[in-house]
Amino acid sequence: MATWKTVVLALSFSLVSCANYKEGDKVLVYVNKVGPYFNPHETYHYYQLPVCRPDKVEHKSLTLGEVLDGDRMAVSLYNITFRKEVAKDELCKVKYSEKDLELLRTAIEDLYYFEFVIDDIPVRGFIGHLEEGGFLPHNHKVFLWAHLSFNIEYNGDHIIYANVSTKEQAPINLDGVTTPFEVTFTYSVHWFPNELKYEDRGKRMRENYFFPKTLEIHWLSIINSMVLVFLLIGFVVIILTRVLKSDFARYNLGEDDESDELDQDDNGWKIIQTDVFRFPPAKSIFCAILGVGSQFLALATGILMMALLGMFNVHRHGAINAAAIVLYAFTSCISGYVAANMYRKMGGESWVWNINLTSALFAGPFFLVWSVINSVAWAYGATQALPWTTVVLLMALWVFIGYPLTVIGGIFGKNWAQGFDAPCRTKNIAREIPSVPLYRSTLAHCVVGGFLPFSAISVELYYIFATLWGREQYTLFGILFIVYGILLSVTACISVALTYFQLSAEDYRWWWRSIFSAGSTGLFVFLYAMFYYFKRSNMSGMLQTIEFFGYTLLTCYVFFLMLGTVSFFASLKFVRYIYVNLKMD
């Protein structure tokens, strides 16, 4: 069970303990969790199975990241001594009832694997072996691995790598046995020297991975995305240098009335100069979206920078989760500042309501989704259900750090806000908006504005999903940072282009559309998530399904907030540029 020691340990989520052993020192083996092989996030405590367990279970104090990652480490009965060979030693004897045997058979048929931890190294293997074959008669046999062989590599006084094998002894057939049925569990330990340095042992872990490896450097997708970015940037540059230059020449130097009428359909953005800076409806929630989107942009950038600096070591479980929680709390001041500052610039008066709305815009939906997922996990007895001490810790982090920083940021944003300083004055009566063809409608803009940013990251999404919903350890943070920059660049470029087309159609309602056009990328990500779940993964079951789609919805919501914010500020910069350079009548 996690304790309040987590508060202190959470601050050291990026540190890696360097254990030094002397010959004859005891090497602790922690049992951690078990679960179905194809359901990565459906995990249970190892001692929930009828296995060898001590009379009194002693849990290890965990960091915040480890708890969030579903770890529940407990001291095992394995007696391993540094560099001491064990040919075959008895661990314990377990007498099984029919109920226990049925539980074991079900776990083996569902391909349950176990995870131990030796010196921060995960050691995994299968509980048993399922043998199926034949047609008539059908062969279905369930075997239990009762002997584990630990193979540990060392360099000097450090442990470099560890794994477990079951090939030294044949498994025990659980079919047709009579109860009570007694099984003797045994183990052996083998030590092997290794010249690899302790600092590089992560490479050894990646080379010999229990689960299938799918992550590799994929330069083709990166090059494809970069070509897309260059094309879009070139497209926007053409608009800014040639099309706008032609527009400015017509509008500022003047042409005859007949020519103006001919070009009015293509260059109608001058006509709406008295409406283009008309503030959008629902200003409070509009500004709250910009505030929370800015916060997540800072959060994502901070996480990637920390990863590039090597602060997330492969040996520390859940380090990124802990970092994201802490950074979310401390970047709350950004959301409060941006939201209140924009709200006051737009003439908003209810700034207290705006700050509270900003604070709850993501925290509210997250709490609702998490409550459902955590309740289902608790009902299943899964380790994904957070202990009450961790829940209190996370709530305290938001109540005493996140929310106050949002208020403080909002106060500074309100007080430091100046006028909106629009280059065009706005008339009291709004201009009538002409009808537009389907390809210029809001739906078409959302499809184009969402699909292009999605296409820039579509290949990388597979590797991200394999990390989030698999058991991969993502290490290609340099490539991920490049893809992140590509995503933001494509979003800004396509937003500018779509805003120009909208204004040329004499539609001045670009404020909300700029958010939804790029924010719709989240919808495409969700559609891809459905494809991944049903076609690219073998996940199943109520617990895994609810957790997958619940957290995926939140992730898509974050995409909407982030990219909608980038899109709006890029559009705002563009709109200011073209109207500042326009000579007013």
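Scroll up to find the structure this text is about.
My aim in this report is to walk through the structure given alongside it, one point at a time. (Residues numbered from 1 in each chain as written. Predicted model: local features only at pLDDT ≥ 70, side-chain atom pairs only at ≥ 80, totals over all residues. Heavy atoms only, no water.)

1. Here's the deal with the sheet that holds strand 14 (residues 181–193)
Thinking step 1. Strand order in the open sheet made by the four strands is 6-14-11-12, with mixed pairing throughout. The open sheet has two edge strands with one neighbour each: strand 6 (86–96) and strand 12 (158–165). Each strand axis lies, on average, 20° off the axis of its neighbour in the sheet, ignoring direction.
Thinking step 2. With eight bridges joining them, strand 11 (residues 147–155) and strand 14 adopt parallel strand pairing. Looking across to strand 14, one finds that Ile152 is bridged to Trp191.
Thinking step 3. Strands in contact with helix 3 (residues 98–109) are strand 6 and strand 14; relative to strand 6, the strand with the most contacts, it is inclined by about 120°. (Pairing = 2+ DSSP bridges. Helix = DSSP H or I, 4+ residues; strand = E, 2+ residues; numbered from the N terminus. Axes fitted to C-alpha atoms, helices over the stretch in contact; angles between N-to-C directions. Contact = heavy atoms within 4.5 Å.)

2. Topic: the state of the cysteines
Thinking step 1. Tallied over the full model, the rule gives one disulfide.
Thinking step 2. Bridging Cys52 to Cys92, the disulfide has an S-S length of 1.7 Å. Judged by the torsion about the S-S bond (-85°), the Cys52/Cys92 disulfide is left-handed. Taken together, the residues Cys52 in the loop between strand 3 (44–45) and helix 2 (64–68) and Cys92 in strand 6 connect sequence positions 40 residues apart. (Disulfide = S-S within 2.5 Å.)

3. Some thoughts on the pairing of strand 2 (residues 29–36)
Thinking step 1. Within strand 2, eight of the eight residues are buried, leaving the element largely enclosed by the surrounding structure.
Thinking step 2. Sheet topology places strand 2 next to strand 7 (residues 112–118); seven bridges connect them, and they run antiparallel. Opposite Val34, over in strand 7, you have Phe114 as the bridge partner.
Thinking step 3. Alignment of strand 2 against strand 4 (residues 74–75), held across two bridges, turns out to be antiparallel. By the bridge assignment, Val31 is partnered in strand 4 with Ala74.
Thinking step 4. Inspection of the sheet shows strand 2 paired to strand 3 by two bridges, in the antiparallel sense. (Buried < 20%, exposed > 50% of the residue type's maximum accessible area, 1.4 Å probe, protein only.)

4. Examining the packing of helix 7 (residues 283–308) against helix 16 (residues 542–580)
Thinking step 1. Axis separation between helix 7 and helix 16 bottoms out at 8 Å; the angle between their running directions is 105°. The angle between the axes of helix 7 and helix 16 places the two elements in the roughly perpendicular class. Of the residues in helix 16, those in contact with Phe286, Ile289, Leu290, Val292, Gly293, Ser294, Phe296, Leu297 and Ala300 of helix 7 are Val558, Phe560, Leu561, Met562, Thr565, Val566, Phe568 and Phe569.
Thinking step 2. Class assignment for the residues of the contact of helix 7 with helix 16 results in 14 nonpolar, three polar and no charged. (Parallel < 35°, antiparallel > 145°, perpendicular 65-115°, else oblique. Nonpolar A, V, L, I, M, F, W, Y, C, P; charged D, E, K, R; others polar.)

So, to be careful, I would describe these as geometric facts and stop short of saying anything about function.
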